[in-house]
Amino acid sequence: MTEAPFGLPLHRLLPLDGMSAVLLGGYHGTWVPATEATQLTLDSASLGAGVLAALPADRCGLTETARVLRYLALQSAGQCGPCLNGLPRIAAAFTTLANPGPQGSTRTDVARWAGLVEGRGACHHPDGTVRLVRSALTTFAAELDAHASGFCTAPDRTPLLPVPQET
Ligand code: SF4
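Rules used throughout
Counting restarts for each chain, with residues numbered from 1 along the sequence as it is written. The predicted nature of this model means local features are confined to residues of pLDDT at least 70 and side-chain atom pairs, given and counted, to a pLDDT of 80 or more, with totals for whole chains, interfaces and linings taken over all residues. To get the side-chain values, take all heavy atoms of the structure and skip hydrogens and water. Segments assigned H or I by DSSP are reported as helices when at least four residues long, segments assigned E as strands when at least two residues long, and all are numbered from the N terminus. Only C-alpha atoms enter the radius of gyration, while the globule expectation follows 2.2 Å times N to the 0.38, with N the number of residues. When accessible area is computed with a 1.4 Å probe and restricted to protein chains, residues below 20% of their type maximum are described as buried, those above 50% as exposed, and intermediate ones as partly exposed. Throughout, a residue-residue contact means that at least one pair of heavy atoms, one from each residue, lies within 4.5 Å. Under the convention used here, Asp and Glu are negative, Lys and Arg are positive, and both His and the chain ends fall outside the count. To locate a charge, take NZ of a lysine, CZ of an arginine, CG of an aspartate or CD of a glutamate. One heavy atom suffices: a residue is near a molecule or strand as soon as one of its heavy atoms comes within 4 Å of it. All amino acids are sorted into three groups, where Ala, Val, Leu, Ile, Met, Phe, Trp, Tyr, Cys and Pro are nonpolar, Asp, Glu, Lys and Arg are charged, and the leftover types, Gly among them, are polar. Two rings from Phe, Tyr or Trp (for Trp, the six-membered ring) form a pair when their centres sit within 6.5 Å of each other. Planes less than 30 degrees apart are called stacked, planes more than 60 degrees apart edge-to-face, and all others tilted. Here the bounds of each domain stem from an automatic or database domain assignment. Note: buried area is the sum, over both parts, of the accessible area (probe 1.4 Å) each one loses when the two are combined. Should a side-chain nitrogen of Lys or Arg be within 4 Å of a carboxyl oxygen of Asp or Glu, the pair is scored as a salt bridge. Computed over the protein atoms alone on a 1 Å grid, cavities are sets of points where a 1.4 Å probe fits but cannot get out and pockets are open sets with protein on both sides within 12 Å along at least five of seven lines; a residue lines them when it has an atom within 4 Å of a point. Grid points are joined across faces, edges and corners, and a volume is the space filled by probe spheres set on the points.

K.L.:
Go over the overall build of the protein, please, and point to the residues and values.
P.N.:
When its secondary structure is counted, the protein shows seven helices and three strands. Sequence-ordered secondary structure for the protein, helices as α and strands as β, is α-β-β-α-β-α-α-α-α-α. Here the C-alpha radius of gyration of the protein, 16 Å, is about what a compact globule of 167 residues would show, namely 15 Å. Along the three orthogonal principal directions, the C-alpha set of the protein runs to about 40 × 40 × 30 Å. Relative to its full complement of 167 residues, the protein shows a buried share of 44%. Expressed as a percentage of contacts within the protein between residues at least 6 apart in sequence, the contacts between residues at least 24 apart total 72%. Here the protein contributes 11 positive and 13 negative side-chain charges, whose respective centroids are spaced 8 Å apart.

What follows is the structure in structure tokens.
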């Protein structure tokens, strides 16, 4: 944990050399390209839970997002439709996007399902999850194209972002 003053340039807090993207605000936050993050200060960034994570250029943002989405989809009692049906479906589809190969309509399906769950839960868990999904679809658009063509540009697919082990 680090205390930092508002107004501090993000790159002074989080070294961005060799990074491809930054996750602002934790798992209910947003991915932004590292080139965009270098322009941000702490007060201009939407920091949500106050958690920042940088993605090295040799890691796959889609793979990381898919793992986090599976974790988020499992973090509810499934009492509302978006968590019972929507988030597990989105998480499973995102795993398809994270694996290079034919993806059919999965990309547009994920975007459409994100719109269907937004604002429909009794709390904001689905909304935060959808925020992460949408930012991944835009920030990693080039990687999505690569995966759809059957290859991944990230040589290291070792898990990076921490999620609890499933029991
Ligand atoms: S929307 Fe909130 S309250 Fe409803 S099931 Fe999901 S986490 Fe639980």
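Okay, back to it.
K.L.:
Tell me about the site of the ligand, residues and numbers included.
P.N.:
Neighbouring the ligand are the residues S76, G78, Q79, C80, C83, G121, A122, C123, H125 and P126. For the shell around the ligand, the class distribution of residues is five nonpolar, five polar and no charged.

K.L.:
Please provide a residue-by-residue account of the packing of aromatic side chains, values included.
P.N.:
Counted by the stated rule, this structure contains two aromatic pairs. Aromatic side chains Y27 and Y71 sit 6.3 Å apart centroid to centroid with 75° between the ring planes, which places their arrangement in the edge-to-face category. Taken together, the residues Y27 in the loop between strand 1 (19–24) and strand 2 (30–33) and Y71 in helix 3 (residues 61–73) connect sequence positions 44 residues apart. A relative accessible area of 19% places Y27 in the buried class.

K.L.:
So what about the domain arrangement of the protein? Which residues, and what values?
P.N.:
Its domain assignment divides the protein into domain 1 (10–56) and domain 2 (61–148). Each of domain 1 and domain 2 was reduced to a C-alpha centroid, and the two centroids are 20 Å apart. Here domain 1 and domain 2 share an interface that buries about 980 Å² over both sides, 70% of which is from carbon and sulfur atoms. It is Y27, H28 and W31 in domain 1 that bury the most area against domain 2; as a group they hold 69% of the surface buried on that side. For the pair domain 1 and domain 2, the interface holds zero salt bridges. Among the secondary structure elements, those contributing two or more residues to the side of domain 1 that touches domain 2 are strand 1 and strand 2. Broken down by element, the side of domain 1 that touches domain 2 gets its largest block of residues, four residues, from strand 2. Grouping the amino acids of the side of domain 1 that touches domain 2 by side-chain chemistry returns seven nonpolar, three polar and no charged.

K.L.:
Tell me about the layout of surface pockets, residues and numbers included.
P.N.:
Approximately 270 Å³ is the volume attributed to the largest pocket. Around the largest pocket sit M1, T2, A4, F6, L13, L14, L42, L47, G50, V51 and L52, which together line it. Partitioned by chemical class, the residues of the lining of the largest pocket number nine nonpolar, two polar and no charged.

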